[in-house]
Each structure stands twice: as C-alpha cells, then as structure tokens.
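An overview of the molecular structure
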Amino acid sequence: MIEPFGNQYVVARRVYSANDFGEEHKKKERRHKTPLDHLKQCCSCSTKKAKRIALSLFPIASWLPAYQIKEWLLSDIVSGISTGLVAVLQGLAFALLVNVPPSYGLYAAFFPVIIYFFLGTSRHISVGPFPVLSMMVGAVVVRVTSTTSPTGGNNTSISNDLDSSSDEQKVMVAAMVTILSGIIQLLLGVLQIGFVVIYLSESLISGFTTAAAIHVLVSQLKFILQLTVPAHTDPFSIFKVLESVFTQIQKTNIADLVTALIILVVVSAVKEVNQRFKAKLPVPIPIELIMTVIAAGVSYGFDFKTRFNVAVVGKMNSGFQPPIQPDPKIFQDTIGDSFGIAIVGFAVAFSVARVYSLKYDYPINGNQELIALGLGNIFGGSFRGFASSTALSRSGVQESTGGKTQMGYLIIFKCICCLCFSQSVLAALALGNLKGMLMQFAEIGRLWRKDKYDCLIWIMTFIFAIVLGLGLGLAASVAFQLLTIVFRTQFPKCSTLANVGRSNIYKNRKDYSDMYEPEGIKIFRCPSPIYFANIGFFRQKLFDAVGFSPLRILRKRKKALKKIRKMQKKGLIQVTPKGCICTVDNFKDSDEELDNHEIEELDQPINTTDLPFQIDWNADLPLNIVVPKISLHSLILDFSAVSFLDVSSMRGLKKIFQEFIRIEVDVYIVGTDDDFIEKLTRCEFFDDEVKDSIFFLTIHDAVLHILMKKDYITSKVSTSQVPLLW
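Residues numbered from 1 in each chain as written. Predicted model: local features only at pLDDT ≥ 70, side-chain atom pairs only at ≥ 80, totals over all residues. Heavy atoms only, no water.

1. Here we look at the overall build of the chain
How we decide: Numbering of helices and strands starts at the N terminus; helices are DSSP runs of H or I of at least 4 residues and strands are runs of E of at least 2. Under the scheme applied here, a residue whose accessible area is under 20% of the maximum for its type counts as buried, over 50% as exposed, and between as partly exposed, the area being computed with a 1.4 Å probe on protein chains only. Only heavy atoms matter for contacts: two residues are in contact if any of them lie within 4.5 Å across the pair. A 1.4 Å probe and the Shrake-Rupley method give the accessible areas. Residues count as covered only by the protein chains that appear here.
When its secondary structure is counted, the chain shows 31 helices and 13 strands. Each of the 726 residues in the chain was classed as buried or not, and the buried ones make up 46%. Counted over contacts in the chain with a minimum sequence separation of 6, partners at least 24 positions apart contribute 79%. As displayed, the chain offers around 37,600 Å² of accessible surface, 59% of which is attributable to carbon and sulfur atoms.

If you want it as structure tokens, here you go:
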C-alpha cells in the first residue's frame, strides 16, 4: 500500500524474499516461441505480408503515391540541381583520391543515385563519392596495381603500352573493389545483419574519418605542388609520402600552388558564410561550381598548360562505357579491403541517414539501406565507378535547399563534362570539403570530459589509421574498441553501499556524508556481468570491502580448534557454569605440525559438536590462541546490474559463498530476476550448503530481514518506521 503525502510517500508492505514474492504474486504463464515457430512464421505467406515485403524492398512505392507535386516538386528540382552540381564536382575531385582519371568520378556520382532513388529509405542523404571511401579504394588500387604491373627492359614500345594501359588497370581494380564491397553489403542486408554497424561507435567513426582526412590532405599535396610522388600502401605510408614530398619541394610548380591556395581560401571562406547565414540564404552559394568555372576559364584563356606547365585533366569522354567484366583474381586479392570499405560506407551513410530521420520523423531500415547501397555499388562498379556512400556536407546542401525526397536526383549531371580542369583545382576542391572532418579534433576535449574510454578510442583509432593505413587501422581500431569493453567489465567499479538519510535508498558510501551502515552488515555492489575474466577481480574487491579473507579466517579457526581439542583432551580446559577456564598459564604447540596437515582439511566446515562447549570466535580464547575477530555477520550482494554468469563465475561464486558461510557470515543476494535465481539454484556447482543463501527483492528487504532475524527490530514494525529505529 502506498500513501502519498505531498512530495513524500509512505510504503507499508511485508518484507519480501524472492520465494515469498513468488508465492504471493504468481507469474503469468507465457509461451516463448521456439526456432520452429520462427521458421514457420518466416515461411508463411499472406497478402498483408507480401505487401509489407514489397514496400520494404521498394520504399519508393510507399512515398511516391503520396508525393505532393505542388508543394515539393519545385524545391526538389532546386535541391537536385544544387546537390547534383556539388556531387559532380566532388566526384571529379575524389577520383584523384582513387588514383583514376577524374572523368570516372562522374560515374561514381551518377549510377548509385539511380539505385538509391528506388531502394533507399532515407529521403535526405546524398549518395555518391565520399573522401574516406575514395581514399580506402585508392590505397587498394595502388597496392594491387603495383604488385601486378608487368616489368620489362628498356623497350620503348612496351613502356608506351604500359602508360596507356595503366589507367585502365587502375579503373579495373577500383571497379572490382566497388563491386565486391557492394556484394558484401547486399549479402549483409539480405541476411538481416545490418546490426554489424553497432560495433563502430561514434568515437571510432570520428577518429577514423579524421585520420582519413589527414590521409586525403597528404595525398593531394602531389597534385597541389605538381610533384612526382611514388605510391605507398604499407604501414607508415603517410610518412613515406611526406618524406618524398619534402625531398622534392624545390620542384614545386608555383602556378599550381598559387591556384590551389586561392581556390582553397575562397571555397573555405564562402562555405563559412553559407554555414553562418544558412537561415537567411534561400540557396547555399555554389562556390565549388563558381570557382571551377572561373579556374577552368582562366586556365584555358591564358593557356596555363603551355605557359606554366600546369597539369590538366583534359577533355573527358562523353556518354557511358559498356559494363565491365568481373575479374575473380582481383576479388580474391581484395576481399579483406572490400569488407572494410563495405562496413565503413554503410556506417557513414546510416549515421547521416539516422540524423535526418530523427529530425524529420520518418523511419529508416538499416538492412534495406545495406541492400540499396550494395546494389548501388554493384551497379556503379559495373560501369567503372568507385565506391559510394554519402557526405554530410553534400547531404546538408540537399536538406538546406529544401529537398523533400530523392526525386531531385533525376534532374542532374549534364553540362560539366566538356570543361578542362586543372588537377590542382580539383585537389583544392577535395581539401575544401575536409573542414568538417578536420574540425573533429575538438571531439578530444569533449570526450575527455565525458568518458575517458571514448576519448582513448578516438585517439587510438586516429593513431592506428595514420600509422597502419586505413584498412589495417580500421581493423585494429575495432579490436581495440572491443578490448576496452572487456576492460570495463573485467575491472568494474565495485562499491560498498550504505543507507542515505535513514531511508530505503542505498548509495556508494563514499559519495555522501549523511550515510548509515547497519552494524555487522556489508552491502556490496558489482555493476557488470560476472564471468571468467573478472571473477578473480570480483573476489579480491569483495574481500577488500569486508576487510578480510574468509578462507584465511577459516584456516585460523581450524588451527585454533585443533589446539583447543588438544587442551581439552589433556584436561587443561575445564567447563564451568560460567564458561571455560584454562588451568595452565601457558601451552606450547608446534605450528609446524599444523602447517603439515592437508590444505583440504583446513578448508572444510568447522564442526564443534564433539566439544562440551560452544566457541565464541569473537571472544577471548584460551592462552596462546589468537584468531582474528570479525564483526560481520551478514553480507548482501547487490546483483541488480549483473546481466549474466558463466560456468567459471558460478564455480568462483560457489567457493566465495562457501567460505563466508563456513565462518558464520550469512550471504544474501538481491536485485536478481527469476531466471537468474533459477540458474543459480539449479546449477550443478551449487550444493545444498550454498543454496540456503537467501534471495531478496531489494537491498532494503534484505536489511530488514537481517534486523528482524537478529531481533534488532520486531516484525510488527512497518517498513517506513524502521529507519527511525536504527
């Protein structure tokens, strides 16, 4: 019964053990589905289920009939043109990261959009090239082409043939990696295991993308400075590239450098204006397009290619090329890299999609996103594109220009293909889109204040990705992140609880001043699962909390009991109505004789039934017999945060319980559910001695039970009155 009084309440109920509560409040019988039931449900067919599956596979069928032409079409057209122009320019720029001709960036910016339009569940993300993925694909391209390129003598014709086929080979590798990563994403989506992205935390993604931005920055130096830098893909490659750049710094093309710096400064400044005044600007200023057209016009008008030896992209092929033929050999050599690309691409796209789905209140499906991205990559790779995901900056343009759906993506990609770009211009555009990722360094301070482990994950992910490269760095980062989870559970922050303000609330006794700890009762809390890796740590922390080792106390008592028996047999101890009297002033016994006995015998329960008197181990014992005195009579273990136990931990708990019970310390377990209790009581490792431990609903129930058991309070006193009596 609960009686409210203003902002206070009085609770009057009986003290519940787990058994008492179960007898008074019967649980409902519930039938849990078996694997066979799930299989039958999966294989069953109905009109409603078929419609649901069709709508989930083709989300366009759910929103297209409800498309509001008058309200949305104009904004989608404006958004599609703005976002499309940005996507085209980013595709051209990010193609340099993949080490393929920039014209292939158009394919990467175009084909995945078509597939995502029909299959994607997000209405706002802009699918296309992403610098991190482009960098990862580029690393694979360099590695594979450097190990498979044929070598020969000084034959000029062979050299010319190699030069002409080098780009085709790089395009082939990039396309195969894209197709394979798409196949992996498609399989993950079909198998409904899109949850794999949960193993990439926000801290890991932030640190990884920041490191990737550094890789992008370093990789673009050769285009900005127009230097010949050999490709490196092994660990420490970023340092080798920097070494190569600085050793050739005197060969810098000043025209390329000045052009790139001007464009970089202008693009960064205008992007800042777009960000600060996005509420007042009807459409973000398309600075990438403006600067690209101006730079292309200036370069062509003043003939930079001839006068200053500026490297230009040249004329790009118009139209589409036929689909590419898969190469199983490249699949075999790049499957590990493709898996990492598939996971990172999905993680980034899903993270951005989730932001907009929460903002505009519509659902997204992780598994369907995998299918859409996977088919988009398969389709794009087949037409010589490279891996796609999404970019927050591009999606921001899509959303800020009023885009309501993916409809606007059907109205893009036309007139850019005939311009003549400078490679330094594209490199500057690529660097101009890195500001958001480079600003993530500010995350370090925020994470340090909030969670040291997350901050460490960010830093180590950044270091791994910088030193080991993006592929190995991602694998090492995931392994390190999982290792931190093991550390958190292996070394939990156990605490001793006490009563706060004489109420039924129990908190860490170190955190508050007005604390009350019932005499002879210790309340110990473990805030993590107990398993094979932390059972030893749990044991040590528990012994530190109570202030002694129960096994040591037991062995001391067993040794003392042997001495008492010897003295009793020799008649040196006499029993009187007032107690036991020792008839001698001293008694010498060999400690060596006791130490030579079997350890197993010392660990057995104490049996004093053969003695004509009872031994009070906390009282003064006969001469020369010293046993540590303990005031603890009850131990309460708060297992409300213990989610599971394994076999090793149950063995360890059994031993701990036995040790305390054998020195006359009662053990109580609180905060567990019925399944947990059933697992403990039915476990083969727990004998009757340990099964007598009592389970209670709450800490307060256990404390009240102990106080009534020790006759400190009467059972007639209500729960609300007990704190006043303590």
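2. Some remarks on the state of the cysteines
Convention followed: Disulfides are defined in this document as cysteine sulfur pairs within 2.5 Å.
Counting across every chain of the model gives 0 disulfides. Free of any disulfide, Cys 526 has its nearest cysteine sulfur in Cys 494, 4.2 Å distant. Accessibility expressed as a relative area gives 1% for Cys 526, which makes it buried.

3. A look at the pairing of strand 5 (residues 495-500)
How we decide: Pairing between strands is defined by DSSP: at least two bridges between the two strands are required.
Counting buried positions along strand 5 yields 6 of 6 residues, so the element is predominantly enclosed. Examined bridge by bridge, strand 5 and strand 8 (residues 521-525) share 3 bridges and lie antiparallel to one another. Across the sheet, residue Thr 496 finds its bridge partner in strand 8, namely Phe 524. Hairpin connection from strand 5 to strand 6 (residues 506-508): 5 residues lie between these consecutive antiparallel strands, with Gly 501 at a positive phi of about 60°. As defined by bridge partners, strand 5 adjoins strand 7 (residues 515-516) across 2 bridges and the pair is classed as antiparallel.

4. Quick word on the pattern of salt bridges
This is how the line gets drawn: The term salt bridge refers to a pairing of a side-chain nitrogen on Lys or Arg with a carboxyl oxygen on Asp or Glu at a separation within 4 Å.
Scanning the entire structure with this criterion turns up 15 salt bridges. One salt bridge connects Arg 488 with Asp 454, and the closest N-O pair in it is separated by 3.9 Å. Of this pair, Arg 488 sits in helix 22 (residues 470-490) while Asp 454 sits in helix 21 (residues 452-468); the two residues are 34 residues apart in sequence, bridging distant segments of the chain. With a relative accessible area of 31%, Arg 488 lands in the partly exposed category. Residue classification places Asp 454 among the partly exposed positions, given a relative accessible area of 24%. For Lys 655, the salt bridge identified is with Glu 659, shortest N-O distance 3.8 Å. Residue Lys 655 and its partner Glu 659 are both found in helix 27 (residues 647-662); the two are separated by 4 residues, about one turn of the helix.

5. Topic: the packing of helix 21 against helix 22
We apply this condition: Note on geometry: axes are C-alpha line fits, over the in-contact stretch for helices, and angles between N-to-C directions span 0 to 180 degrees. When describing relative orientation, an angle under 35 degrees is termed roughly parallel and one over 145 degrees roughly antiparallel, while 65 to 115 degrees is termed roughly perpendicular and anything else oblique. It is the rotation of the near helix from the far one that decides the hand of a crossing: anticlockwise by less than a right angle makes it left-handed, clockwise makes it right-handed. When residues are sorted by character, Ala, Val, Leu, Ile, Met, Phe, Trp, Tyr, Cys and Pro go into the nonpolar class, Asp, Glu, Lys and Arg into the charged class, and all the rest, Gly among them, into the polar class.
Two numbers describe how helix 21 lies on helix 22: the axes approach to 8 Å, and their chain directions differ by 155°. On the basis of the axis angle, helix 21 is roughly antiparallel to helix 22. Taken as a pair, helix 21 and helix 22 cross one another with a handedness that is right-handed. Taking contact as the criterion, the partners of Tyr 453, Asp 454, Leu 456, Ile 457, Met 460, Thr 461, Phe 464, Ala 465 and Leu 468 in helix 21 are, on helix 22, Leu 470, Leu 472, Gly 473, Ala 476, Ser 477, Phe 480, Gln 481, Thr 484, Phe 487 and Arg 488. When the residues that make up the contact of helix 21 with helix 22 are grouped by side-chain class, the tally is 12 nonpolar, 5 polar and 2 charged.

6. Notes on the confidence of the model for the chain
What counts is decided by this rule: pLDDT: the predictor's confidence for each residue, scored from 0 to 100.
Residue-level pLDDT values for the chain average 78, and 80% of them are 70 or greater. In the model of the chain, helix 31 (residues 722-725) stands out as the element of lowest mean pLDDT, 39, in contrast to strand 8, which has the highest, 95. pLDDT under 50 marks residues 592-597. Its contacts with residues more than four places away, or in other chains, come to 7 contacts. Scored below 50 in pLDDT, residues 715-726 shows 23 contacts in the model against residues more than four places distant or in partner chains.

7. Structural notes on helix 30 (residues 699-709)
Counting buried residues along helix 30, 8 of its 11 residues qualify, which places the element largely inside the surrounding structure. Taken as a whole, helix 30 has its buried residues at Ile 699, His 700, Asp 701, Ala 702, Val 703, Leu 704, Ile 706 and Leu 707.

8. Here we look at the pairing of strand 12 (residues 666-670)
Going by this rule: A clockwise course of the path from the first strand over the helix to the second, judged with the strands pointing away from the viewer, identifies a crossover as right-handed.
Taking burial as the measure, the 5 residues of strand 12 include 4 buried ones, the bulk of the element. Across 5 bridges, strand 11 (residues 634-638) lies against strand 12 in parallel orientation. Looking at strand 12, one finds that Leu 635 is bridged to Val 667. Tracing the backbone out of strand 11, into helix 27 and back to the parallel element strand 12 gives a crossover that is right-handed. Two strands pair when backbone bridges link them, and strand 12 and strand 13 (residues 694-696) are joined in this way by 3 bridges, in the parallel orientation. Considered in strand 13, the bridge of Val 670 is made with Phe 696.

9. Quick notes on a nonpolar patch on the surface
To keep things clear, this is the line we draw: Patch membership requires more than 30% relative accessible area and the absence of a salt bridge. Residues of like charge join within 9 Å; the nonpolar side chains Val, Leu, Ile, Met, Phe, Trp and Tyr join within 5 Å.
On the surface, Val 273, Phe 277, Ile 285, Ile 290, Ile 294, Val 298 and Phe 302 cluster together into a nonpolar patch covering about 560 Å² of accessible area. No other element matches helix 13 (residues 287-301), which puts 3 residues into the nonpolar patch.

10. Considerations on the side chain of Asp 638
To keep things clear, this is the line we draw: The term polar contact refers here to a pair of N or O atoms within 3.5 Å; inside protein, the definition further demands a hydrogen-donor-capable atom paired with an acceptor-capable atom, and it admits residues adjacent in sequence only when both atoms are side-chain atoms.
Mapping Asp 638 onto the fold places it in strand 11. In this structure Asp 638 comes out as buried when scored by relative accessible area, which is 6%. A distance of 2.9 Å separates the side chain of Asp 638 from the side chain of Ser 640, its partner in a polar contact. For Asp 638, the residues in contact, after removing those within four places along its chain, are Leu 497, Phe 524, Arg 525, Cys 526, Val 670 and Ile 699.

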